Amino acid sequence: MAGLLKALVGVSEKAAHIARLCRREEPLFQLLVAEKTGTDRNRRFLQDFKTLADVLIQEVIKHDLGKEFPELQGHIHGEESNEFQNGQGETVTVRVCATPGDTAALLLSVLEPERAAAELLAAAVHRDVALGDTELDAVVLSIPPRDLAIWIDPIDSTNEYIGGHEDVAPIDGIAPAGLCSALVLVGAYDRHTGCPVLGVINEPFFRRDPLTRRWQGRYHWGVAYGDTRLSSLSPSPPHPAPCVVLSRAEAGTVRGALDPLCGDRLRFAAGAGYKMLCVILGLADAYVLSEGSTFAWDSCAPHAILRALGGGVVALAGALRARRVGDTGPPPELVYNRPVEGAVGAERWANRGGLVAYVHPQHLEAVLAAL
């Protein structure tokens, strides 16, 4: 399992590099967008987009993990279809080929006539990643990969990635929107229980190098398996008055219920993964979402890290039902191996009924009581 954790970090670093590469080629970037339609469309937005970067990153992660861990093949799931519509209206199935030249030829069928860009992307797809992370090297774990499955969100907050806004001022460390909220999320869960056990969050656009003006990233990881709790982070101390982060689209009734608890400490941000990262980093004490507009790929990786820090991600509707009937036991957590019965497309993996992400149990209880 320690080898798998390193592999998850490694593929997240390769993914972040590809995400940055695609954004650097600004004239090409506008050509890399295809509108999602039908059951793949996230119903929260009037328009929902996928990019070649999304699809390519997902296929790279599937390829690299499946090659290193054959037991995972067929159990690596992602947000995106690997079919991409090119400028001529042709459908191209994006995949990692045997050689950089073959991959470049496939990508050229999407990027025609930009051969140099296709070759650059192919080189990024096939490059080896050296981590040089001594803390990660020291992790010793034991769990067979055959017991696990993977959820990938290749670029969470795709709309912010497309928009590319770099000058959004943070409020108490939380950016309301912008490129910084575009993350790579890779999480592993137990196939049998659905419980998240490994999580990696990569921030491709963490900061710009002051000399080169190129983006630099960072990553965070967590392990929560049995009695083992390990993370690249330490839990932040709780705030006396909890800070809760919400979506701008959150219902007014929810905002009104949380106002007395939080006072002026309600914050707003884009991207489910980014809002959970704010909780992981201690910038917020909880993330509340009342709608079923997030999915397994959004929450699996952050959920594993939150569990490693002593927290979790609770199914909000189920937790409120339990409280109303006087059940004071642990509220139900999200699981990742159960599709929604009767749903189709992306909705099969929606986190129906909303969620609460937290680190400190007292903040979870306070939020549930307020709601």
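Residues numbered from 1 in each chain as written. Predicted model: local features only at pLDDT ≥ 70, side-chain atom pairs only at ≥ 80, totals over all residues. Heavy atoms only, no water.

> How do you make sense of the layout of surface pockets when you look at a structure like this?
A probe as big as a water molecule, rolled over the atoms, marks out the empty space that is left. Looking at the second largest pocket, its volume works out to about 450 Å³. When contributions to the lining of the second largest pocket are tallied by element, the ones reaching two or more residues are helix H1 (2-24), helix H3 (52-68) and helix H5 (115-126). Here the lining of the second largest pocket is composed, by residue class, of nine nonpolar, three polar and seven charged. (1 Å grid on protein atoms, 1.4 Å probe; cavity = no way out; pocket = protein on both sides within 12 Å on 5 of 7 lines; lining within 4 Å. Points joined across faces, edges and corners; volume = space filled by probe spheres on them. Helix = DSSP H or I, 4+ residues; strand = E, 2+ residues; numbered from the N terminus. Nonpolar A, V, L, I, M, F, W, Y, C, P; charged D, E, K, R; others polar.)

> Just to check I follow, could you spell out the sheet that holds strand S10 (residues 228-231) for this structure?
Hydrogen bonds between backbone groups are what pair the strands of a sheet, and the pairing can be parallel or antiparallel. What the six strands build is an open sheet, ordered S3-S6-S7-S8-S9-S10; its pairing is mixed. Unpaired on one side and paired on the other, strand S3 (76-78) and S10 mark the two borders of the sheet. Adjacent strand axes in the sheet meet at a mean angle of 15° when their direction is disregarded. In the sheet, S3 pairs with strand S6 (residues 148-156) via three bridges, with the strands oriented parallel. If you follow His 77 over to S6, its bridge partner there is Trp 151. Together, S3, S6 and strand S7 (183-190) form the strand contacts of H3, whose direction differs from that of S6 by roughly 155°. Against the sheet, helix H9 (residues 272-280) contacts S6, S7, strand S8 (196-208) and strand S9 (215-225), and its axis sits at roughly 80° relative to S7. (Pairing = 2+ DSSP bridges. Axes fitted to C-alpha atoms, helices over the stretch in contact; angles between N-to-C directions. Contact = heavy atoms within 4.5 Å.)

> Please clarify how the UniProt feature "binding site: Mg(2+)" (unreviewed entry) in the chain should be interpreted in this entry.
The UniProt record marks Glu 79, Asp 153, Ile 155, Asp 156 and Asp 298 with the feature "binding site: Mg(2+)" (unreviewed entry), using the residue numbering of this structure. Taking the farthest pair of C-alpha atoms as the criterion, the annotated set spanning 220 residues converges on one region, since that pair is 9.7 Å apart. Examined against the element boundaries, Ile 155 turns out to sit in strand S6. Of the residues examined, Ile 155 reaches a relative accessible area of 2% and is grouped as buried. For Ile 155, the contacting residues outside a window of four places in its chain are Ala 19, Ala 53, Asp 54, Ile 57, Tyr 161, Ala 182 and Leu 183. (UniProt positions renumbered as here; feature names shortened; annotations may be inferred. Buried < 20%, exposed > 50% of the residue type's maximum accessible area, 1.4 Å probe, protein only.)

> Sorry if this is basic, but what is going on with helix H4 (residues 100-111) here?
Because an α-helix packs 3.6 residues into every turn, residues spaced three or four apart end up facing the same way. Along its twelve residues, H4 runs 15 Å from first to last C-alpha, staying within 8% of the 16 Å computed at 1.5 Å per residue. When H4 is considered as a whole, its buried residues turn out to be Thr 103, Ala 104, Leu 106, Leu 107, Leu 108, Val 110 and Leu 111. Of the surrounding secondary structure, the elements contacted by the buried residues of H4 are H3, strand S4 (83-85), strand S5 (91-93) and H5. (Expected span 1.5 Å × (residues − 1).)

> In this structure, what is going on with the packing of aromatic side chains? I would like to understand it.
One pass over the full model with this rule turns up six aromatic pairs. Seen from their ring centres, Trp 151 and Trp 349 are 5.0 Å apart, and the 65° between their planes marks the pair as edge-to-face. Taken together, the positions of Trp 151 in strand S6 and Trp 349 in the loop between helix H11 (316-324) and strand S15 (355-358) put the pair 198 residues apart, joining distant regions of the chain. Residue Trp 151 shares its accessibility class with Trp 349, and that shared class is buried. An angle of 10° between the planes, with centres 5.0 Å apart, marks the rings of Phe 295 and Trp 297 as stacked. Comparing Phe 295 with Trp 297, the two get one shared label, buried. Within the aromatic cluster, the residues linked to one another by ring pairs are Trp 151, Phe 295, Trp 297 and Trp 349. (Phe/Tyr/Trp six-rings, centres within 6.5 Å; stacked < 30°, edge-to-face > 60°.)

> Any chance you could explain unusual backbone geometry here in plain terms?
Negative phi characterises most residues that are not glycine, and trans characterises most peptide bonds. Note the cis peptide between Glu 112 and Pro 113, where omega equals 10°. Within the fold, Pro 113 resides in the loop between H4 and H5. Located in the positive-phi region is Ser 157, a residue other than glycine, with phi close to 65°. Residue position: Ser 157 is located in the loop between S6 and helix H7 (158-163). For Ser 157, a relative accessible area of 12% gives the class buried. In this model, Arg 213 sits at a positive phi of 65°, which is unusual for a non-glycine residue. Mapped onto the elements of the fold, Arg 213 is located in the loop between S8 and S9. Residue class for Arg 213 comes out partly exposed when judged on its relative accessible area of 49%.

> What am I meant to see in the sheet that holds strand S11 (residues 244-246) here?
Spatially, the five strands line up as an open sheet ordered S12-S11-S13-S15-S14, and their pairing is mixed. Every interior strand has two partners, whereas the edge strands, strand S12 (266-268) and strand S14 (312-315), have only one. Neighbouring strand axes in the sheet, compared pairwise and without regard to direction, differ in orientation by 25° on average. Packed on one face of the sheet, helix H8 (residues 252-262) meets S11, S12 and strand S13 (286-289) and runs near 130° to S12. Contacts from H11 reach S13, S14 and S15 within the one sheet, and its direction differs from that of S14 by about 70°.

> What exactly am I supposed to notice about the side chain of Ser 181 here?
By secondary structure assignment, the location of Ser 181 is in the loop between H7 and S7. Separated by 2.7 Å, the side chain of Ser 181 and the backbone oxygen of Gly 178 make a polar contact. (Polar contact = N/O pair within 3.5 Å; in protein donor to acceptor, adjacent residues only side chain to side chain.)

> What exactly am I supposed to notice about the environment of Pro 145 here?
Turning to its location among the elements, Pro 145 is positioned in the loop between helix H6 (134-137) and S6. Ignoring any residue separated from it by four or fewer positions in sequence, one finds Pro 145 in contact with Phe 69, Glu 71, Leu 72 and Arg 191.

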